[in-house]
Amino acid sequence: MPERRAILITYPEPFIKDEFVELAHAAEYGVAAIKTSKYLAHPKYGIGEGKALEIKDLVKELKADMILVDETLKSSQAYNLAKLSRVEAKDRERLILEIFNRRAASAEAKLQVRLAELSYEISRAKEKVRLAKMGEQPGFFGLGKYEVDTYHKDIKRRVSTLHRKIDEARKRRELYRASRKRSAFPIVSLAGYTGAGKTTLFNLLTNEAKTTGEGVFTTLSTSTRALTIDGEKVLLSDTVGFISRLPPYMIEAFKSTLEELTYADLVLLVIDASLSIDEMSIKMDSCEKTLADLSVTSSKVIYVLNKADLSSIADVAEKVSLLQLNPNRFVMVSAKTGDGIDNLKAMLLQYLEETPRVVLS
Ligand SMILES: Nc1nc2c(ncn2[C@@H]2O[C@H](COP(=O)(O)OP(=O)(O)OP(=O)(O)O)[C@@H](O)[C@H]2O)c(=O)[nH]1
Ligand SMILES: [Mg+2]
């Protein structure tokens, strides 16, 4: 398939821009150009009208196939941009959904992605049908024949079927979880921003060879393995990575996977400590927020500052103090070289001894 080339519209902060480029690459778009703006919530196009006209010319000049906007767009905004530029405009959520769609491997992950896609659709259904009737724009094809009600009903029906199937998968998972609980081994889950190094750490601790990656969202389903630390058997789970500005319905759709975190006795929040302090702090906030959404209390969290091989001790120490991390709750490691892993294991054992075990009712 020839490469699809997109014009990216994002925010000026370098790491936000870089992350958006990574998202575009992960969805297999080539980057034709990047435009930035401090404000992407203008009513008509998301971007301001002047910028929109610039983008229109740029699409033509560079023969781009697509516009990608690093914000949540209303249907009308996507429609207006498509009408102006004659190419489809997709927002951050759709881009993330595309990546999930390409990468979802397990049956359960596929169902979850489908549910997230329909949740995205349903919030936009009415507006989309109205716009589709006004004339065909890229990305708005083929809807005109639908009546609003039919379209809505159709999506709703598919959503309830998916809910049922996901519920069945969740029940199977619960049974499995209950059987693990009966086995009385503590459950430790890895959590963290995409690309922090969770799978690398999981592989190191369990001698596994799960795929790790340069890009975003390498892992989309949970795996659990047993490991023994000083004679203590522990079950370790690797999970889906978090990302900033992930809408609640996506977390909701992935809940049965992420529930590993809710039921864990201990959560290792893996953080890439080689990032700038600003980036670390934003990503940490976003992880803590997602953990709170999943009802993980902070007393269950150990902060694992990873990629220590890429920075000096002094540098990490400064970041730790700026982030106000509790000295008893973090450990510095390199999942790549194995440095600090013994300290991590020691802290893990100590906390497991102190933490009351989660008991399934
Ligand atoms: N230098 C260095 N690189 C690391 C370390 N840990 C992980 N990496 C690299 O960071 C990248 C991301 O690692 P993953 O283990 O795939 O990250 P993840 O958190 O599982 O990411 P998702 O599955 O997308 O959520 C890979 O290129 C790893 O090789 C480390 O300690 N040091
Ligand atoms: Mg991973």
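Because the structure is a prediction, the values reported are computed rather than measured. (Residues numbered from 1 in each chain as written. Chains lettered and ligands numbered in written order. Predicted model: local features only at pLDDT ≥ 70, side-chain atom pairs only at ≥ 80, totals over all residues. Heavy atoms only, no water.)

K.L.:
When you look at the site of ligand 1 in this model, what are you seeing that I'm missing?
P.N.:
Close to ligand 1 lie 23 residues, the nearest being Thr194, Lys198, Thr200, Thr219 and Asp309. A distance of 2.7 Å separates an oxygen atom of ligand 1 from a polar atom in the side chain of threonine 194. One nitrogen or oxygen atom from the side chain of lysine 198 is found 2.7 Å from an oxygen atom belonging to ligand 1. Notes on ligand 1: free accessible area 660 Å², of which the protein chains cover 91%. A total of three residues in the shell around ligand 1 trace back to one element, the largest contributor, which is helix H7 (residues 198-206). Taken together, the residues of the shell around ligand 1 break down into six nonpolar, 12 polar and five charged. (Near = heavy atom within 4 Å. Polar contact = N/O pair within 3.5 Å; in protein donor to acceptor, adjacent residues only side chain to side chain. Areas by Shrake-Rupley, 256 points an atom, 1.4 Å probe, with all protein chains shown as cover. Helix = DSSP H or I, 4+ residues; strand = E, 2+ residues; numbered from the N terminus. Nonpolar A, V, L, I, M, F, W, Y, C, P; charged D, E, K, R; others polar.)

K.L.:
What should I look at first to understand the pairing of strand S5 (residues 187-192) in this one?
P.N.:
A regular strand carries its side chains on alternate faces of the sheet. In terms of residue burial, S5 counts as a mostly covered element, since six of its six residues are buried. Side chains of S5 alternate between two faces, with Ile187, Ser189 and Ala191 and Val188, Leu190 and Gly192 buried alike. Relative to strand S7 (residues 232-238), S5 runs parallel, the two being bridged by three bridges. Across the sheet, residue isoleucine 187 finds its bridge partner in S7, namely leucine 235. For S5 and strand S8 (residues 266-272), the ladder comprises five bridges, and the chain directions are parallel. Counted as the bridge partner of leucine 190 is leucine 268 from S8. (Buried < 20%, exposed > 50% of the residue type's maximum accessible area, 1.4 Å probe, protein only. Pairing = 2+ DSSP bridges.)

K.L.:
Just to check I follow, could you spell out the pairing of strand S3 (residues 66-69) for this structure?
P.N.:
On S3, burial covers both faces: Met66 and Leu68 on one face and Ile67 and Val69 on the other are all buried. The pairing of strand S1 (residues 4-10) with S3 spans four bridges and is classified as parallel. Following the sheet pairing, leucine 8 is matched in S3 by leucine 68. Strand direction decides the pairing type here: S3 and strand S4 (residues 88-91), joined by four bridges, are parallel. Opposite leucine 68, over in S4, you have lysine 90 as the bridge partner. Considered for its hand, the β-α-β crossover made up of S3, helix H3 (residues 75-85) and S4 is right-handed. (Right-handed = clockwise from strand over helix to strand, strands pointing away.)

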